[in-house]
Amino acid sequence: MGLCSRRPTYVPLLTKRHRQLRLQWASEHRDWTMDDWKRVAWSDESRFLTHHVDGRVRVRRLPGEQVLPSCTAGHTQAGGGGIMLWGIFSWVAMGPVVVVEQTMKTANYLNIIADQLHPYMAFGNGIFQQDNAPCHKARIVFEWFEEHTVEFHLMSWPPNSPDLNPMKHIWDVMERQLRAQTPPCPNISILRDRCLDIWYNLSPVMYQKLVASMPRRVAAVLKAKGGATRYLVGGHNVLTLQCVYR
């Protein structure tokens with residue numbers, strides 16, 4: 001019948017309001033040129049584990065049904081210890097990556113943007129992207145951005161929109177490379193060293209193609225009327241990279 005067994009796609013919960021805001025954002029950026037997108041510095045945080053556990057969850061679906069509610073699921077990772085990384089990249093270059101102790105809190109984030117983001121955005125006239133995590137939205141953080149509006153701009157960001165952030169695919173590429181290495185990471189120290197080595201050796205061709213995918217991502221949100229798109233990444237399990245690289 002054409003059904004195939006696949007892991008379920010992990011999509012964020014999108015309320016009617018979320019879809020409206022995503023559609024509004026996509027409409028505002030539909031006419032952006034590649035020169036516009038090249039000005040954006042993309043950021044995100046992600047956790048990497050010393051051990052990766054596959055829950056072996058599978059669904060049967062037809063081609064094109066990957067974002068239907070019946071073919072999606074929540075996602076968790078389990079295993080040994082891990083580290084959280086904050087990173088930033090743009091068309092021009094991979095930026096700094098920071099190992100975050102435990103969880104990201106407002107104080108940590110404020111130190112990161114002051115010590116790491118500020119020098120990276122020193123080229124001027126840039127645009128910085130961040131999602132709507134609570135530590136990103138804290139008043140003291142916004143005050144810092146307001147103090148630096150002459151140097152660069154803070155991009156507005158729609159809620160629950162990992163499919164619009166190409167940084168998610170950077171994490172996925174790193175996860176795949178990390179899991180391909182042998183022997184597995186025996187401890188946190190080696191995990192950190194391997195993650196940093198992968199980060200600083202990522203191909204410019206790869207991350208520039210991710211930036212070049214932004215017009216297609218915007219078009220996909222418009223076509224879905226603000227709903228989920230094919231550019232989803234759950235945990236580090238990317239739905240497909242074919243749409244990014246073709």
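Here's a quick rundown of the structure.

Rules and cut-offs
- Think of each chain on its own: its residues are numbered from 1, step by step along the sequence as written.
- Totals for whole chains, interfaces and linings use every residue, but because this is a predicted model, local features are given only for residues with pLDDT of at least 70 and side-chain atom pairs only at 80 or more, for both listing and counting.
- Excluded from the side-chain calculation are hydrogens and water; included are all heavy atoms of the structure.
- We define a salt bridge as a contact between a side-chain nitrogen of Lys or Arg and a carboxyl oxygen of Asp or Glu at a distance within 4 Å.
- Segments assigned H or I by DSSP are reported as helices when at least four residues long, segments assigned E as strands when at least two residues long, and all are numbered from the N terminus.
- Only protein chains enter the accessibility calculation, which uses a 1.4 Å probe; a residue is then buried when its area is under 20% of its type maximum, exposed when over 50%, and partly exposed in between.
- Here an angle of 0 to 180 degrees is reported between the N-to-C directions of two axes, which are lines fitted to C-alpha atoms, with helices fitted over the stretch in contact.
- Orientation categories follow fixed angle ranges, with anything under 35 degrees roughly parallel, anything over 145 roughly antiparallel, 65 to 115 roughly perpendicular, and all other angles oblique.
- If you view the pair so one helix is near and one far, a crossing is left-handed when the near helix is turned anticlockwise from the far one by less than a right angle, and right-handed when it is turned clockwise.
- Pairs of residues are marked as contacts when any of their non-hydrogen atoms sit within 4.5 Å.
- Nonpolar residues are Ala, Val, Leu, Ile, Met, Phe, Trp, Tyr, Cys and Pro. Charged residues are Asp, Glu, Lys and Arg, and all others, Gly as well, are polar.

A side chain of one charge can pair with a side chain of the opposite charge if their charged atoms are brought near each other. For the structure shown, the criterion picks out six salt bridges. Between Glu 175 and Arg 179 there is a salt bridge whose closest N-O contact spans 2.7 Å. Separated by four residues within a single helix, Glu 175 and Arg 179 lie in helix H5 (residues 167-180), roughly one turn from each other. Residue Glu 175 is classed as buried on the basis of its relative accessible area, which comes to 5%.

The description of two helices packed together rests on the angle between their axes and the distance between the axes. The contact between H5 and helix H6 (residues 188-199) brings their axes to 10 Å, and the two run at 125°. The angle between the axes of H5 and H6 places the two elements in the oblique class. The two elements H5 and H6 cross, and the hand of that crossing is right-handed. Two secondary-structure elements touch here, H5 through Met 167, Ile 170, Trp 171, Met 174, Gln 177 and Leu 178 and H6 through Leu 191, Arg 194, Cys 195, Ile 198 and Trp 199. Residue composition of the contact of H5 with H6, by class: nine nonpolar, one polar and one charged.

It is worth spelling out the packing of helix H7 (residues 204-212) against helix H8 (residues 214-223) at this point. The N-to-C vectors of H7 and H8 enclose an angle of 35°; their axes lie 5 Å apart at closest approach. Here Leu 210, Val 211 and Ala 212 of H7 lie close against H8, whose contacting residues are Met 214, Pro 215, Arg 216 and Arg 217. The residue inventory of the contact of H7 with H8, partitioned by class, reads five nonpolar, no polar and two charged.

With that settled, consider unusual backbone geometry. Following Thr 182, the chain continues to Pro 183 via a peptide bond in cis, the omega torsion being -5°. Here Pro 183 lies in the loop between H5 and H6. Phi at Lys 225 is positive, roughly 55°, even though this residue is not glycine.

Time to look at the environment of Ala 26. Within the secondary structure, Ala 26 sits in helix H1 (residues 16-29). A residue is classified by how much of its surface remains accessible, and Ala 26, at 0% relative accessible area, is buried. The spacing of Ala 26 and Pro 158 is 132 residues in sequence and 9.1 Å in space, taken between C-alpha atoms. When sequence neighbours within four positions are dropped, the list of residues in contact with Ala 26 reads Val 218, Val 221 and Leu 222.

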